[in-house]
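# An overview of the molecular structure
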Amino acid sequence: MLRLSRVNSTYFLFQIQFQKKVEVHVQDVSAFSAALTSVGIDLSDVKLVQSNAVVRPLQAVTVQGGLQLSVSSSLGGGRCTTGFAATRGSERGFLAAGHCAILAQDGAADPNVKISLAGNLFNHGASKWNSTTDLAFFWNSSNNLVAGVNWGGGVHPIRSTASNLLTPGTLVCKMGSVSGYACKQVNSNNTTTTDTRTGKTVGPTSTLYCHDCTGTTNPLGLKGDSGGPVYINGTAYGIIRSADYDQYNNPLGKWLWFTPSTRFVELSNVNLLLAP
């Protein structure tokens, strides 16, 4: 067993079990040799190789609502959108849609699903995807949480989570990483429909409607928006679930379904990060 103690600001405590000579790549062979000798390491156990490679620490990724997520699974790849920065105990991450991690409604999370934001992988913390709820919490150990939604290079702060459903006719805003930002009226909180892509029942749940939107002109929602935030005036009201598509998988652009914030409690101990 070879044990290297920390000898300066670059080298840290580690242990290596070996049968052969250990090869270590360093920038300054002489300096590292002297450092090993100073702590009593037998240099006959070590092969030092000069290298200019620089090991950099993991860079923390900024987490806020409305950012594009990359999703890979055993069925292929896709994308989703971050909803709201959130925590679960010491775990720091974000809310998104449950179907970003679950491959079939009413099923279990797929362990092969990989979720990444700006190249940083996130762990699956909790999720639920059924007729009324479509939520997930993802986290990692290196991120900067921002209590807000990305908007035009700035941030819309989120200061509270709604404990009530929006009254039909109330204006609310959504952010999808594909379709972008829009504010429309709530159509209903008791809508039930059939998802044309899965054949599963959706609802009762909340919906937005846009009379003058189409699949090609200002669509209210598109593939990849799933998980995005629904909010207004600093209050979180929901997470985007799905948009309307025809039987040929073409976007229609007029309807957007979202899981209301009253269902966030179904993910135990997950709390939104709120701005002061």
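Just so it is clear, the model here is predicted, and its values are computed rather than measured. (Residues numbered from 1 in each chain as written. Predicted model: local features only at pLDDT ≥ 70, side-chain atom pairs only at ≥ 80, totals over all residues. Heavy atoms only, no water.)

So, about the nonpolar core. Generally speaking, a soluble globular protein has its nonpolar side chains buried in company with each other. Formed by 19 residues in total, the largest nonpolar core has its most connected members in Val 63, Leu 69, Phe 94, Ile 115, Leu 117, Phe 122 and Phe 138. Contributing elements (two or more residues each) for this core: β5 (61–65), β6 (68–73), β9 (91–96), β10 (114–117) and β12 (134–140). Those residues in contact with Phe 122, other than ones at most four positions away along the chain, are Val 61, Val 63, Gly 93, Phe 94, Ile 115, Leu 117, Phe 138, Trp 139, Asn 140 and Asn 143. Counting residues in each nonpolar core, the second largest holds 17 residues, with Ala 162, Leu 166, Val 186 and Leu 256 among its members. (Core = buried A, V, L, I, M, F, W, Y, C linked by side-chain atoms within 4.5 Å. Buried < 20%, exposed > 50% of the residue type's maximum accessible area, 1.4 Å probe, protein only. Helix = DSSP H or I, 4+ residues; strand = E, 2+ residues; numbered from the N terminus. Contact = heavy atoms within 4.5 Å.)

What follows deals with the sheet that holds strand β13 (residues 143–151). With respect to topology, three strands assemble into an open sheet ordered β5-β13-β14, the strand pairing being mixed. Either end of the sheet is taken by a strand with one partner, and the two such strands are β5 and β14 (154–157). The sheet shows a mean angle of 65° between the axes of neighbouring strands, direction not considered. (Pairing = 2+ DSSP bridges. Axes fitted to C-alpha atoms, helices over the stretch in contact; angles between N-to-C directions.)

Right, let's get into the environment of Gln 185. You can see Gln 185 is positioned in strand β17 (residues 180–194). As for Gln 185 and Thr 167, which are separated by 18 residues in sequence, their C-alpha atoms are 9.3 Å apart. Setting aside chain neighbours within four positions, we find Gln 185 in contact with Gly 169, Thr 170, Leu 171, Thr 207, Leu 208 and Tyr 209.

Read from one edge of the open sheet, eight strands run β7-β6-β10-β11-β12-β9-β8-β22, paired in antiparallel fashion. Looking at which strands have only one partner, the edges of the open sheet turn out to be β7 (76–81) and β22 (271–272).

It is worth spelling out the pairing of β12 at this point. Burial of β12 is extensive: six of the seven residues sit out of reach of the surface. Relative to β12, β9 is paired through five bridges, and the arrangement is antiparallel. Its bridge partner being in β12, Ala 96 is matched across the sheet by Ala 136. Sheet topology places strand β11 (residues 120–129) next to β12; six bridges connect them, and they run antiparallel. Among the inter-strand pairings, Lys 128 is bridged to a residue of β12, identified as Leu 135. Taking the residues that link successive antiparallel strands as the turn, the β11-β12 hairpin has four residues.

Each pair of aromatic rings is reported with the distance of its centres and the angle of its planes. Considering all chains together, one arrives at five aromatic pairs under this definition. With a centroid separation of 6.4 Å and 55° between ring planes, the pair formed by Phe 84 and Phe 264 is classed as tilted. In this pair, Phe 84 is assigned in strand β8 (residues 84–88) and Phe 264 in the loop between β21 (251–260) and β22, connecting sequence segments 180 residues apart. Classification of Phe 84 as buried rests on a relative accessible area of 2%. Where Tyr 209 meets Trp 255, the ring centres are 4.5 Å apart and the plane angle is 50°; that geometry is what we call tilted. (Phe/Tyr/Trp six-rings, centres within 6.5 Å; stacked < 30°, edge-to-face > 60°.)

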